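Structural description and commentary
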Amino acid sequence: MMDNGLENSLGKTEHAGAETAKSSRKGPGFSTLVELFEQGYADYANDLAVSNMGRSLSYSKLAELSRDFASYLQNEFKIKKGDRVAIMMPNCLQYYVALHGILRAGGVVVNINPLYTSRELALQLNDAQCENIILSSTCGARLAEIQSSTPIKNIIVTHLGDLLGLIKGTLLNAIVKYVKHLVPSFDIPQAVFFKQVLAQGRLANFTRVECLSSDMAFLQYTGGTTGVSKGAIISHGNMCANVHQARAWAGERLDEYAHVALTPLPLYHIFSLMINAFAVYSVGGHVVLVTNPRDIPGLLKTWQKYPVTMLTGINTLYAAILNNPAFSKMDFSQLKLSISGGMGTHESVANEWQRITKKCIIEGYGLTEASPVITINPINISRFNGSIGKPLVDTVIEVRDDQGQALPVGEVGELCAKGPQVMVGYWHNPQETALVLSEDGWLKTGDMCSINEQGYVNLIDRKKELIVVSGFKVYPNEVEAVLTSHPGVLEAAAIGASDEKSGEHVKAFVVKKDPALTAEELIDYCRKNLTGYKRPHEVVFRDELPKSNVGKILRRVLRDEEEAQS
């Protein structure tokens, strides 16, 4: 069992140097996101807050537009404190305005992936009991299809170019609709349009809503630790705590690191939401939004237009950027901070990133239920170390066995965490809440980890994605790390396939970087780097792998396909 001294050092003092930072500064005085917004409007009024497609909003302009949006919600939709309002759009200026406006009006933000099907959209709206939504016109047809079977009453539609100016905005909207055919026809008679909302809201009175730290700010949907989509209740206090923790981790220089934060990960995902929309905002940073992160050439062109000091991404995004020939020719003199999370970062990717940019990828770890960050590496590390770092300030962790007992240093078990960023619980789901959240606030993450003698946490894999070969445990992350270390491999995923002799064997799905690569060559490579039961018995090449909205490879989709074929 972890002794009290180590537990205390992990939870209270070391924190990758965060405690020293915390004690050396008073820190900002906000306990709700509305207070955070108001401080930013006042302190950084003339600075740029957010840019997208060449257009920018200053902090004062964001204050003005979000006030108009909040006013409309109050006066026309009659939004009251605690009412849910869904946002369904990619990264764009309107997302920022809606995010601030909903929270300023006392509402609760329900983020929805704009790629969701009609069925997925209906499930989330019904579970959230959501009567209000603002969505991109690219999603309108899907809402129209299922609206009558949901609680939705009030609808705001925005076109992607609505805040880009008359000429540029009109041109973009025309391209999106008539050239790229991304706006199928839809008929929603009661829908109002974003520009109309701002115009009407500007003429009406806005009443400031007094929010409490305990009030719900987000109903953030996640697969969670048991695989069923659930709404995690994230309070203002949860999110503000994680912002404070991030600031303590970074220390006095966060404003320098986050001066210009390139933001390709979608803001409707909690990793990007907390880091880019809130932590960067809290120090007056400038967020540069990338609307389509899969367009790597477009992403790099955006990067070259700004003196980017900070990038948040995940392993697959870093790998895709590195695979573009234009990247190595860019200027990285301004880059100070490269943060990775969301999935395990492969050493081969981290090493290549540092070789080209001369900057180390700093890996952290979190999950929606923790708002989201729990651990992260020190901000001043010189090389990628393969761990997910140490706990943030005011966060205590343990590695536990299946019986809930804390394990000694070095042993593998389920990571459990406790801190002010841990969610309130799952929305209207006490049974699922009880499975992952104890009465005294300990969260079961569902991730298998170990802790070394220096207090660094090593992420092994998802507990439910273990492959068992003849009784031996195989962690997909380890297999995938070996596969992607081959110079001919771009991406890889490993799953367990049914086997009459061993119960399961390892099956690999691979996206090639080198068209000449063969399965036999790759299996032979694994033979030199993995013990027998860990080696893939099968290698299947694909043009692409299934991914989540932030680009995380979805092994479960591959497992479902495998089960359907067996």
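The structure this text deals with has already been given above.
We now turn to the structure provided with this report. (Residues numbered from 1 in each chain as written. Predicted model: local features only at pLDDT ≥ 70, side-chain atom pairs only at ≥ 80, totals over all residues. Heavy atoms only, no water.)

Points about helix 10 (residues 236-250)
Each full turn of the α-helix corresponds to 3.6 residues, which orients residues three or four apart in the same direction. With 15 residues, helix 10 ought to run about 21 Å at 1.5 Å a step, and its terminal C-alpha atoms sit 21 Å apart, in line with that. Of all 15 residues making up helix 10, 14 are buried, and the element is well covered by its neighbours. One side-chain oxygen of the residue at the start of helix 10 lies 3.3 Å from the amide nitrogen of Gly237, identifying that residue as Ser235. (Helix = DSSP H or I, 4+ residues; strand = E, 2+ residues; numbered from the N terminus. Expected span 1.5 Å × (residues − 1). Buried < 20%, exposed > 50% of the residue type's maximum accessible area, 1.4 Å probe, protein only. Polar contact = N/O pair within 3.5 Å; in protein donor to acceptor, adjacent residues only side chain to side chain.)

Things to note about the packing of helix 4 (residues 59-75) against helix 5 (residues 93-104)
The interhelical angle for the contact between helix 4 and helix 5, taken along N-to-C directions, is 55 degrees, at an axis separation of 8 Å. In terms of axis orientation, helix 4 runs oblique to helix 5. Seen along the crossing, helix 4 lies across helix 5 with a hand that is right-handed. Of the residues in helix 5, those in contact with Leu62, Ala63, Leu65, Ser66, Arg67, Phe69, Ala70 and Leu73 of helix 4 are Tyr96, Val97, Ala98, His100, Gly101, Ile102 and Arg104. In terms of residue class, the contact of helix 4 with helix 5 is made up of 10 nonpolar, three polar and two charged. (Axes fitted to C-alpha atoms, helices over the stretch in contact; angles between N-to-C directions. Parallel < 35°, antiparallel > 145°, perpendicular 65-115°, else oblique. Left-handed = near helix turned anticlockwise from the far one by under 90°. Contact = heavy atoms within 4.5 Å. Nonpolar A, V, L, I, M, F, W, Y, C, P; charged D, E, K, R; others polar.)

Some details on the nonpolar core
If you look at the biggest cluster of nonpolar residues, it comprises 131 residues, and the most contacted ones within it are Phe69, Phe218, Phe278 and Trp303. The element best represented in this core is helix 12 (residues 270-282), accounting for 10 residues. Membership of the second largest hydrophobic core comes to 25 residues, among which are Ala86, Ile112, Met216 and Ile233. (Core = buried A, V, L, I, M, F, W, Y, C linked by side-chain atoms within 4.5 Å.)

Structural notes on the pairing of strand 11 (residues 286-289)
The alternating pattern of strand 11 places His286 and Val288 on one face and Val287 and Leu289 on the opposite face, and all of these are buried. The pairing of strand 1 (residues 48-52) with strand 11 spans three bridges and is classified as parallel. If you follow Val50 over to strand 11, its bridge partner there is Val287. When strand 10 (residues 260-263) meets strand 11, the two strands line up parallel, connected through four bridges. Note on strand 11: the bridge partner recorded for Thr263 is Leu289. (Pairing = 2+ DSSP bridges.)

A short note on helix 8 (residues 166-179)
For helix 8, which comprises 14 residues, the first-to-last C-alpha distance of 19 Å matches the rise-based estimate of 20 Å (1.5 Å per residue) to within 8%. When helix 8 is considered as a whole, its buried residues turn out to be Gly169, Leu172, Asn173 and Val176. Each buried residue of helix 8 sits inside an arc of 95 degrees when the element is viewed along its axis, so together they form one side. Every exposed residue of helix 8 that faces more than 90 degrees away from the buried side is listed here: Leu166, Ile167, Leu171, Tyr178 and Val179. Just past helix 8, the residue His181 takes up positive phi, approximately 55 degrees. (Arc of directions from axis to C-beta.)

A look at the sheet that holds strand 12 (residues 310-313)
Taken in spatial order, the nine strands line up as 2-1-11-10-12-13-14-15-16 in an open sheet, and their pairing is mixed. On the outer flanks of this sheet lie strand 2 (55-58) and strand 16 (390-391), each paired with one strand and no other. Most of the contacts of helix 14 (residues 315-322) go to strand 12, to which it runs at about 120 degrees, and overall it touches strand 12, strand 13 (337-340) and strand 14 (361-366).

Some remarks on the sheet that holds strand 18 (residues 413-418)
Across the sheet, four strands lie side by side as 17-18-20-21; this open sheet has antiparallel pairing. The open sheet terminates on both sides in strands that have one partner only, identified here as strand 17 (396-400) and strand 21 (457-462). Strand-to-strand, the axes of this sheet are offset by a mean angle of 45 degrees, without reference to chain direction. Two elements, strand 18 and strand 20 (residues 443-451), share four bridges in a ladder whose sense is antiparallel. Considered in strand 20, the bridge of Gly413 is made with Cys449.

Examining the environment of His486
Topologically, His486 is positioned in the loop between helix 17 (476-485) and strand 24 (489-499). His486 sits in the buried class, given a relative accessible area of 9%. Residues His486 and Cys526 lie 40 residues apart in sequence; the distance between their C-alpha atoms is 9.1 Å. Contact partners of His486, with chain neighbours within four places excluded, come to Leu517, Glu521, Leu522 and Tyr525.

Some words on the pairing of strand 3 (residues 84-88)
As a general feature of sheets, a regular strand has side chains that alternate between the two faces. Of all five residues in strand 3, five are buried, a share of seventy percent or more. Of the two faces of strand 3, both are covered, the one formed by Arg84, Ala86 and Met88 as well as the one formed by Val85 and Ile87. Bridging between strand 3 and strand 4 (residues 108-111) involves four bridges; their strand directions are parallel. Directly across from Ile87, in strand 4, lies its bridge partner Asn111. With four bridges joining them, strand 3 and strand 5 (residues 132-136) adopt parallel strand pairing. In the sheet register, Ala86 faces strand 5, and the bridge partner there is Ile133.

Section: the pattern of salt bridges
For the coordinates displayed, the defined rule picks out 21 salt bridges. A salt bridge links Lys80 to Asp83; the shortest N-O distance between them is 3.6 Å. Looking at Lys80, the relative accessible area reads 54%, which means it is exposed. Between Arg555 and Glu465 there is a salt bridge, with the nearest N and O atoms lying 2.4 Å from each other. One end of the pair, Arg555, is in helix 19 (residues 555-565); the other, Glu465, is in the loop between strand 21 and strand 22 (467-469), and 90 residues separate them in sequence. By relative accessible area, which is 8% here, Arg555 ends up buried. Judged by relative accessible area, Glu465 falls into the buried class, the value being 15%. Several salt bridges converge on common partners, so that one network encompasses Glu465, Glu480, Arg555 and Arg559. (Salt bridge = Lys/Arg side-chain N within 4 Å of Asp/Glu carboxyl O.)

Topic: the packing of aromatic side chains
As enumerated under the stated definition, the model contains 14 aromatic pairs in all. Ring centres of Tyr41 and Tyr281 lie 6.5 Å apart, and the angle between their planes is 90 degrees; on these two criteria the pair is classed as edge-to-face. With Tyr41 in helix 3 (residues 33-43) and Tyr281 in helix 12, the pair connects residues that are 240 residues apart, well separated along the chain. For Tyr41, a relative accessible area of 11% translates into the label buried. Feature note: the residues Phe37, Tyr41, Tyr44, Tyr59, Phe218, Phe278 and Tyr281 constitute an aromatic cluster, connected by ring pairs. Positioned above the aromatic ring of Tyr426 is the side chain of Lys230, whose terminal nitrogen or guanidinium carbon lies 5.0 Å from the ring centre. The positively charged end of Arg400 is found above the aromatic ring belonging to Trp442, 4.4 Å away from the centroid. (Phe/Tyr/Trp six-rings, centres within 6.5 Å; stacked < 30°, edge-to-face > 60°. Lys NZ or Arg CZ within 6 Å of the ring centre and 35° of its normal.)

Notes on the environment of Met53
Within the secondary structure layout, Met53 lies in the loop between strand 1 and strand 2. On the basis of relative accessible area, Met53 is assigned to the partly exposed category, the value being 30%. Each C-alpha atom of the pair Met53 and Thr302 lies 8.0 Å from the other, and the pair is 249 residues apart in sequence. In contact with Met53, not counting residues within four places along its chain, are Leu164, Lys168, Leu172 and Thr291.

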